[in-house]
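# Fold and geometry: a report
This is what each chain is made of:
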Amino acid sequence: MRSVLSRQEPAPPEETMGEPRARGRFGEYGGRYAPESLVEACREVEEAFRQAWADPGFRNTLADLLAVHAGRPTPLTPARRLSQALGVRLYLKREDLTHTGSHKINNVLGQALLATRMGRRRLIAETGAGQHGVATATAAALLGLRATVFMGERDMERQALNVFRMRMLGAEVVPVTAGSRTLKDATSEAMRHWVGVTGEAHYCVGSVVGPDPYPWMVREFQRVIGDEARAQFAAEVRTGVPDHVVACVGGGSNAAGTFAGFADTAARLFGVEAEGGAGAGRGRLGVLHGCRSLFLQDDDGQITEAHSIAAGLDYPGVGPEHAHLRDLGRARYVTVGDEEAIGAAVRLARTEGIVPALESAHALAWVIRAAGSGELAAGSTVLMTLSGRGDKDVSTLKELL
Amino acid sequence: MTNPTLAAGAVERHLRARRDAGRGLLMPYVTGGVTPGWTDHLRAFAAAGADAIEVGLPFSDPTLDGLTIQQASQTALARGASTRRILADLAGTGDLGVPLVVSTYYNLVLHDGPEAFCAALSRAGVGGLIVPDLPVHEAGELTDVAAAAGVEVALLASPSTPQARLARIAERSRGFVYAVSVMGTTGERAGLAASAAELAGRVRDVTDRPLLLGFGISSPEQAREARRHADGVVVGAAVMRRVLDGAGPDDLRAFLLTLRQALDQECDRPR
């Protein structure tokens, strides 16, 4: 049984964030739009995931790894001084305190464990901000797997420290020079590479994107954020469930994992996108990297470059389940620009002693804005996932502040 | 198996007729809009004895293409190529005497919707369509409207495709079956992969639809070998590397003639 619902006990909304419908569909989104050469590999991943997820042994092993290696459960931290200033009760789910410094480790440990179960000895991954790459390199080292991480050249410059970390962990980092030399190009390159190595390598997708079963599987591996937060919130706060749940959205994995813990409650869900990467807000229907979702495109149907100071948010689309949640009205998607995010990062540092990743700072910036405008009612409770810590961004911030 | 007489459209009729006459099929590829006057390449292809011509509509994020076609796509897009402009160019090219087959990623099909997209292909004189990221289980949305517009959607088969699925692909495919010779992306390769013969044999077991082998076929020797297993070949990166290196229509015709001759010689062998 779930913990106690909020005071009004309204009927739960339509069943959402369960298993996708046939052919990996969330509403009209999702699917497996992969080259034929990858279809069998996707099917094998789906079958392995279904079996593993139904296997208490697998789940126990994963839970153990998350506890002893990744540092779960992460705390729920009341942001006391900031809450007082904003007039709302803000709680931070501290994914920044995980080993490797972001929520990415939750999914990667799950997939790396799955890969070993499938007999794969190698992980391939794409990365933008470097956090997923670092998490993949970490899990590979932990489980004795090889790791190859594809990263856009531009992101490698912006996140040089993470490149070094990955290499130190023993991963091969492959620069991607195509297109905008950022996350979307790294993703394309990882898919192209996967076609040739499906028998030996598991493609460890870093967000709730990609062909079925990835959006579903990654959300399930990230569900630990929402499930933990819900139990912690129920223990901490009389209302049991927060009034508002907020998370930043690039592809949308930390948001999906967070939302999954609250989809059956009355909590209002908010996904915060970067202004220059607002797939849910400004994207149109399309197919990219194996799934049908909302993507930024020009008038000719070419995928356009996303722009954000947060490398993890400049993916030009969102995961298919977010597109579906948007259509259902179950989650609202809003945008925040670079400057507002930087301001929020500084404010959190100075009021709570926490330097957030610039991705998470977007979510916080919206909370600050919405509290100021009254959109978040005075005294209401807000749960915000702090998806990662700001260490990787300090050099960016140093140049701007 | 589908009744070939009922199922066959113009592309399939054309390819079947040539195949049944004992000819090895040659389908060269060009990225639409890659150079000024790119449609001259189509005439060179036809003059060199192409049996069908594949025209790629460039996409910003080609997940199944190797470096050469990626570069060609980027070059074309940088020149302002778009679906609309390329189809307008094709419409202005006149009858080449061989069917035109467009290939592109599904995002460009969805952009205006499958119905409008196929109608535009049809108006431009295009009879066939290849969508590498639209596998058979997702293809229903496109195949029916394509058929209504007289466009034959050719599906891809891969060395990793299980046999039951291969039968489904062969049954749903129109025009021909495109057998991907290797687990990899498009691009020139030193030799024909062993997986090519194995896959071709498995496709043969489930259909008599024309069967073209593609991915990596870049020399007369490889074309000849491919012809031993399939009805013909698709040659993309080997053509586009030459185009990117500055080859003109005459150079391309000369190159394709070597493939044509290899295929013809192979046909002369006792089978």
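Residues numbered from 1 in each chain as written. Chains lettered and ligands numbered in written order. Predicted model: local features only at pLDDT ≥ 70, side-chain atom pairs only at ≥ 80, totals over all residues. Heavy atoms only, no water.

### Let's talk about the UniProt feature "modified residue: N6-(pyridoxal phosphate)lysine" (unreviewed entry) in chain A
- Feature annotation in UniProt assigns "modified residue: N6-(pyridoxal phosphate)lysine" (unreviewed entry) to the following positions: A:Lys104.
- Turning to its location among the elements, A:Lys104 is positioned in helix H4 (residues 104–117). (UniProt positions renumbered as here; feature names shortened; annotations may be inferred. Helix = DSSP H or I, 4+ residues; strand = E, 2+ residues; numbered from the N terminus.)

### Observations regarding the state of the cysteines
- The tally for this structure, following the rule as stated, stands at zero disulfides over all chains.
- Here A:Cys42 stays free of any disulfide, with the sulfur of A:Cys291 as its closest cysteine sulfur at 11 Å. (Disulfide = S-S within 2.5 Å.)

### A look at the UniProt feature "domain: Tryptophan synthase beta chain-like PALP" (unreviewed entry) in chain A
- The UniProt feature table records "domain: Tryptophan synthase beta chain-like PALP" (unreviewed entry) at residues 70–388 of chain A.
- The span residues 70–388 of chain A carries 44% helix and 20% strand; its end-to-end C-alpha distance comes to 13 Å.

### Observations regarding the domain arrangement of chain A
All names here are of chain A.
- The assigned domain composition of chain A is domain 1 (33–66 + 104–203) and domain 2 (73–102 + 222–400).
- Taking the mean C-alpha position of each, domain 1 and domain 2 sit 23 Å from one another.
- Counting residues at the interface gives 24 residues for domain 1 and 28 residues for domain 2.
- Each partner contributes to the roughly 2200 Å² buried at the junction of domain 1 and domain 2, and carbon and sulfur atoms together form 53% of this total.
- When the area that domain 1 buries against domain 2 is broken down by residue, the three leading residues are Tyr33, Asn106 and Lys184, summing to 28%.
- Across the contact surface, domain 1 and domain 2 share one salt bridge.
- One salt bridge in this structure joins Asp314 and Arg158, with 2.9 Å as the shortest N-O distance. (Domains from an automatic or database assignment. Contact = heavy atoms within 4.5 Å. Buried area = accessible area lost by both parts, 1.4 Å probe. Salt bridge = Lys/Arg side-chain N within 4 Å of Asp/Glu carboxyl O.)

### Overview of the pattern of salt bridges
- Taken as a whole, this structure holds 48 salt bridges over all chains when the rule is applied.
- Between A:Arg25 and B:Glu138 there is a salt bridge; the shortest N-O distance is 3.0 Å. Of this pair, A:Arg25 sits in strand E1 (residues 25–26) while B:Glu138 sits in the loop between strand E4 (128–130) and helix H8 (140–148), which puts the two residues in different chains. Of the two residues, A:Arg25 and B:Glu138, both sit in the buried class.
- The residue A:Glu228 makes a salt bridge to A:Lys93 at a minimum N-O spacing of 2.6 Å. Note that A:Glu228 is positioned in helix H9 (residues 214–236) and A:Lys93 in strand E4 (residues 89–94), a separation of 135 residues in sequence.
- Among the residues examined, A:Lys93 registers a relative accessible area of 0% and is labelled buried.
- One network of salt bridges, in which partners are shared, links A:Glu19, A:Arg32, A:Glu46, A:Arg50 and A:Asp212. (Buried < 20%, exposed > 50% of the residue type's maximum accessible area, 1.4 Å probe, protein only.)

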